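Reading the structure
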Amino acid sequence: MPIGAFAQRSGLTASALRFYADCGLLPPAEVDPVSGYRYYRGDQVARATALRQLREIAMPLTAVEAVLDAVSDEASRLIDEHLAKVVADAVAAQQKAAVIRSSLTRVPSLPIAALKGPVLADAVEQVLTATAREPGMPVLGGLRIETTHEAVALTATDRYRLSTRTLVPAEPPTTTWAATVRGDELRTAVAEIRRSALVRVEATPHGIWLRVAEGEDQHCRLLTEEFPDYRLMLGALPEATTRMTVSKDLLLRALEEHPGHRITLRATDHGVHILPTDDEHPEVPLPATATGRTLKISFELTTLYPAVSTAIGPDVVIDLRGPDQPATIRSADRGDLTTLAMPIKPDHSS
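Residues numbered from 1 in each chain as written. Predicted model: local features only at pLDDT ≥ 70, side-chain atom pairs only at ≥ 80, totals over all residues. Heavy atoms only, no water.

Observations regarding the environment of Thr328
Here Thr328 is to be found in strand E18 (residues 327-331). Taking the C-alpha atoms as reference, Thr328 lies 9.5 Å from Arg243; in sequence the two are 85 residues apart. Aside from chain neighbours lying at most four places away, what touches Thr328 is Val317, Ile318, Asp319, Arg321, Thr338, Thr339 and Leu340. At 3.0 Å, the side chain of Thr328 forms a polar contact with the side chain of Arg321. (Helix = DSSP H or I, 4+ residues; strand = E, 2+ residues; numbered from the N terminus. Contact = heavy atoms within 4.5 Å. Polar contact = N/O pair within 3.5 Å; in protein donor to acceptor, adjacent residues only side chain to side chain.)

Details of the pairing of strand E6 (residues 161-167)
When you tally the buried positions in E6, you get six out of seven residues, the bulk of the element. Sheet topology note: the strand E5 (residues 152-157)/E6 ladder contains six bridges and is antiparallel. If you follow Val152 over to E6, its bridge partner there is Leu167. The hairpin turn running from E5 into E6, its antiparallel successor, is three residues long, and Arg159 in that turn takes a positive phi close to 85°. Of the pairings in the sheet, the one linking E6 to strand E19 (residues 337-341) comprises five bridges and is antiparallel in character. Each residue of the ladder has a partner; that of Arg165, found in E19, is Leu337. (Buried < 20%, exposed > 50% of the residue type's maximum accessible area, 1.4 Å probe, protein only. Pairing = 2+ DSSP bridges.)

Some remarks on the packing of aromatic side chains
If you walk through the whole model with that rule in mind, you get three aromatic pairs. For the ring pair Phe227 and Tyr230, a centre distance of 6.1 Å and an interplane angle of 85° mean the geometry is edge-to-face. With respect to class, Phe227 is no different from Tyr230; both count as buried. (Phe/Tyr/Trp six-rings, centres within 6.5 Å; stacked < 30°, edge-to-face > 60°.)

A few points about helix H2 (residues 14-23)
Regarding H2, the residues found buried are Ala16, Leu17, Tyr20 and Ala21. Looking down the long axis of H2, one finds its buried residues gathered within 140° of arc, a one-sided arrangement. Those residues of H2 that are buried are in contact with helix H1 (3-10), strand E2 (38-39), helix H3 (45-56) and helix H4 (61-68). Looking one or two residues beyond H2, the residue adopting positive phi is Gly24, at roughly 85°. (Arc of directions from axis to C-beta.)

A look at the nonpolar core
Of all hydrophobic cores here, the largest spans 33 residues; its most connected members are Leu143, Leu154, Ile208 and Leu210. Residues contacting Ile208, with those up to four places away along its chain left out, are Ile145, Trp177, Val181, Val201, Glu202, Ala203, Gln218, His219, Cys220 and Leu222. (Core = buried A, V, L, I, M, F, W, Y, C linked by side-chain atoms within 4.5 Å.)

Here we look at a nonpolar patch on the surface
Among the surface-exposed residues, Leu83, Val86 and Val87 lie close enough to one another that they form a single nonpolar patch of about 240 Å² accessible area. Mapped onto the elements of the fold, Val87 is located in helix H5 (residues 72-105). Its relative accessible area of 46% is what places Val87 among the partly exposed residues. (Patch = residues over 30% accessible without salt bridge, like charges linked within 9 Å, V, L, I, M, F, W, Y side chains within 5 Å. Areas by Shrake-Rupley, 256 points an atom, 1.4 Å probe, with all protein chains shown as cover. Salt bridge = Lys/Arg side-chain N within 4 Å of Asp/Glu carboxyl O.)

Considering the environment of Val201
When you line up the elements, Val201 lands in strand E8 (residues 198-204). A residue is classified by how much of its surface remains accessible, and Val201, at 7% relative accessible area, is buried. Here Val201 is in contact with Leu110, Pro111, Ile112, Ala113, Leu115, Ile208, Trp209 and Leu210, once residues within four sequence places are set aside.

What to know about the environment of Ile57
Inspection of the secondary structure puts Ile57 in the loop between H3 and H4. With 270 residues separating them along the chain, Ile57 and Ala327 place their C-alpha atoms 43 Å apart. Beyond its immediate stretch of four places on either side in the chain, Ile57 contacts His82 and Val86.

Remarks on the packing of helix H9 (residues 248-257) against helix H10 (residues 301-309)
Where H9 meets H10, the closest approach of the two axes is 10 Å, and the angle between their N-to-C directions is 155°. Taken together, H9 and H10 sit at an angle that is classed as roughly antiparallel. As H9 runs across H10, the sense of the crossing is left-handed. Facing H9, whose interface residues are Lys248, Leu251, Leu252, Leu255 and Glu256, H10 presents Leu301, Leu304, Tyr305, Val308 and Ser309. Residue composition of the contact of H9 with H10, grouped by class: seven nonpolar, one polar and two charged. (Axes fitted to C-alpha atoms, helices over the stretch in contact; angles between N-to-C directions. Parallel < 35°, antiparallel > 145°, perpendicular 65-115°, else oblique. Left-handed = near helix turned anticlockwise from the far one by under 90°. Nonpolar A, V, L, I, M, F, W, Y, C, P; charged D, E, K, R; others polar.)

Shown next, in the form of structure tokens:
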């Protein structure tokens, strides 16, 4: 086919095809010796399309050639390496841009809190499990940070879970402050935070600085969207009617071995059972204590598992309010990390 038709099928322009032909990446199948017209075969469309896609992710020509000529596993590895470099470069650019912006605006930062680095890093990772990437709602990917004169609270929600952890600062905060920070940038900063014995949090109009004693200070931008009014929701929750206390490890193991993606728990005064999804599997009894009203409640595995796995300590307490009310999941002996998990409508066909 002539170069114009091939350009339409591959998504590359005719000028780009000439360039890639001269580079040796995509030579034409035939060149008219008199007119110089270039012709391509239909089986070259796949290579041309892959070439275009690789260039769209800013892959250099030498790497593109290596990917196109590699077997599938090697090609995947090369793409992953390139993507990791692109992400790392983007993060570095964000950090440098923050430094430049701060020096140009000369806006002084406001000291917010001082926290132990390893404790802050763990808390950020735990609470960020309740975030989500959702188009049109970037606030669901953020971490809400609120400081009072006594404590620092970290909160995140994906609408099906809400996790909040309260930290005791290493030094009493001098001011109250609240904002929502980009979760992806906090994840990137965690490694540096964890290596610092003390991290000082400072606020600017558009972000926060995480000042570390040794290493490179980290900057994370703020989200401007309004964070959900979770305190209003918490205040409206009814009292728990059923309480389960269960080993965290045993519950996680039971969830991992459960054959379905929906989990139904039944709590009675005789204990707690995970109900089967079909007639081929038996009920799974859990060594646990249950008090209060007999209740059956269902969760998505993707909601319940991270809520349990991030709990602190060997045992978890699950407070239930009904099959259509959020369940509270927390440590049996520590109350600084709490997760609310929303149940789902039971599968009546089971």
